[in-house]
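Residues per chain are reported as follows:
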Amino acid sequence: MYSSKISIIVPIYNSGLFLKKSIESILNQTYNNLEIILVNDGSTDNSLEICTYYKSIDPRIRLINQENSGVSSARNAGLECATGDFIGFVDSDDYIDATMYEKMLKKAIEMEADIVECGYFTVDSKNGTKTSYPLKSQVILGKENCIKNYLSRNNTTNFNVNKLYKATLIANLRYPNYKYSEDYWFNSKVFSKCEVKVTLKDALYYYVQHDESAVRKDFDLEERLDVIKAGIDVYNFVKKSHPGLEGYPAYYICNNIITFSMILINNKQKNTRQKIKQLRMVFKKYYKNIDSGRLKKRKKIKFVLYYFNPYILSIIYKLRNLT
C-alpha cells in the first residue's frame, strides 16, 4: 500500500519472560516494510539468546548488543542506526495490535502528519486483566497548537511507545540520560517542531504492568529526581521557544514534587524533613509560574496546602484522598 519504511526500536533489558510475545507482535504486523532494531542493553538473562534467534529467522531484524547503560542509551543506539522514514518505539515487555503500524502509517500519509498517536491498554501480567484507554480522534495543526496540546496533556500521553514519528522530525534529537521522564523530555522537544499531529481513538498498544516495571519499583528519591530535572529542562526550553506556555511544565514540576513529598512522609523515610525542605524550595520557585486559573478547585487546594504546610496536606490525603 505504501513504500515508507518504519524503524521500530526495542530497548531490551532482562525481558526474557515477555520478549517473545513482544517481538512476535511486531513481526506479525499487517504492514511489512519494517526495520526492527533490537537493542540488548546488557541483559543477564536469556534475552540476547531470544534476540539472536529471531534475527536468524527474519532479515528485517537488526541486533545491537551493548553494555548496560539504561533505556535512554538503548533508544539512542537504535536512533543512531535507524534508516526508516518513520520511527516507532516498543518496550520489550509490551506488545502491539497486529494493525497498529498500518493504521498509524495510513493516517500519517493521508494527513501528512509529523506524529500519529493511538490509545492503549494496560495489562496486568498476573491475571491478564486489560483496561482500555482510548483517545479521541483529532487533528492538530501548527507548532504552537501541537506543543500546547502535548504540554497540557489534552487527549495525549507522555508515552512515546504509542506514537509514530516522522524520522526527519527527530533526526538530530537524542534522549537525555534520565531514568525517569525521558519520554516527557523527548516528546516536548519533538512536539515543539510538529506541524501536524493526528490522534487515533483506537487502543492499539498493550502496556504490560508487572512487579519489575521501572515505574513500580520501591521509591528512591535520588532516582526520581530525574523527573524534576526533566521538568526543569522542559520549563527552560519552553520559556525560551514558546513563551507563555511555561506554566505547563511548571505544573509538571510542582505536581510531581507534591507526589514525591507525600510518599516520603507516608513511608517515613530517613531525613524526610530535610528532603521535604529541599523539594519545597524548588516548588516555591516554579509555583508562581502556574496559571492558577487553569487548575480545578481540588488541585488548587492541594497546591496551596502544600505551599504552606505539606504535613497538613499528607493528613488530608489520608482522610479525604485528595488528588
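Structure shown above.
Only a predicted model underlies this, so the values are computations on that prediction, with no experimental measurement involved.

Novice: Can you lay out unusual backbone geometry for me, pointing to particular residues and giving the numbers?
Specialist: For Arg153, which is not glycine, the phi torsion reads 55° and is therefore positive. Given a relative accessible area of 47%, Arg153 falls into the partly exposed group. Although it is not a glycine, Asn155 adopts a positive phi angle of roughly 60°. Relative to the assigned elements, Asn155 resides in the loop between helix 5 (143–151) and strand 9 (163–166).

Novice: Would you mind going over helix 6 (residues 182–191) in detail, with residue names and values included?
Specialist: Among the 10 residues of helix 6, 10 are classified as buried, and the element is accordingly described as predominantly covered. Looking only at helix 6, the buried set comprises Glu182, Asp183, Tyr184, Trp185, Phe186, Asn187, Ser188, Lys189, Val190 and Phe191.

Novice: Tell me what's going on with the pattern of salt bridges, and back it up with residues and numbers.
Specialist: Side-chain pairs of opposite charge can arise whenever the charged atoms involved come near each other. This structure, assessed with the given rule, holds 13 salt bridges. Between Asp58 and Arg60 there is a salt bridge; the shortest N-O distance is 3.0 Å. The same class applies to Asp58 and to Arg60, which are both buried. Notably, a salt bridge pairs Lys103 with Asp202, separated by 3.6 Å at the nearest N-O pair. In this pair, Lys103 is assigned in helix 4 (residues 100–111) and Asp202 in strand 10 (residues 196–209), connecting sequence segments 99 residues apart. By relative accessible area, Lys103 is classed as partly exposed at 33%. Residue Asp202 is classed as partly exposed on the basis of its relative accessible area of 29%. One salt-bridge network, in which partners are shared between bridges, spans Arg75, Asp91, Glu182 and Asp183.

Novice: For the packing of helix 3 (residues 71–81) against helix 6, give the residues involved together with the corresponding values.
Specialist: Running from N to C, helix 3 and helix 6 point in directions that differ by 40°, and their axes come no closer than 11 Å. Taken together, helix 3 and helix 6 sit at an angle that is classed as oblique. The segment helix 3 lies against helix 6, with Val71, Ser72, Arg75 and Leu79 engaging Glu182, Asp183 and Phe186. Of the residues assigned to the contact of helix 3 with helix 6, the class counts are three nonpolar, one polar and three charged.

About the criteria used
Residues numbered from 1 in each chain as written. Predicted model: local features only at pLDDT ≥ 70, side-chain atom pairs only at ≥ 80, totals over all residues. Heavy atoms only, no water. Buried < 20%, exposed > 50% of the residue type's maximum accessible area, 1.4 Å probe, protein only. Helix = DSSP H or I, 4+ residues; strand = E, 2+ residues; numbered from the N terminus. Salt bridge = Lys/Arg side-chain N within 4 Å of Asp/Glu carboxyl O. Axes fitted to C-alpha atoms, helices over the stretch in contact; angles between N-to-C directions. Parallel < 35°, antiparallel > 145°, perpendicular 65-115°, else oblique. Contact = heavy atoms within 4.5 Å. Nonpolar A, V, L, I, M, F, W, Y, C, P; charged D, E, K, R; others polar.

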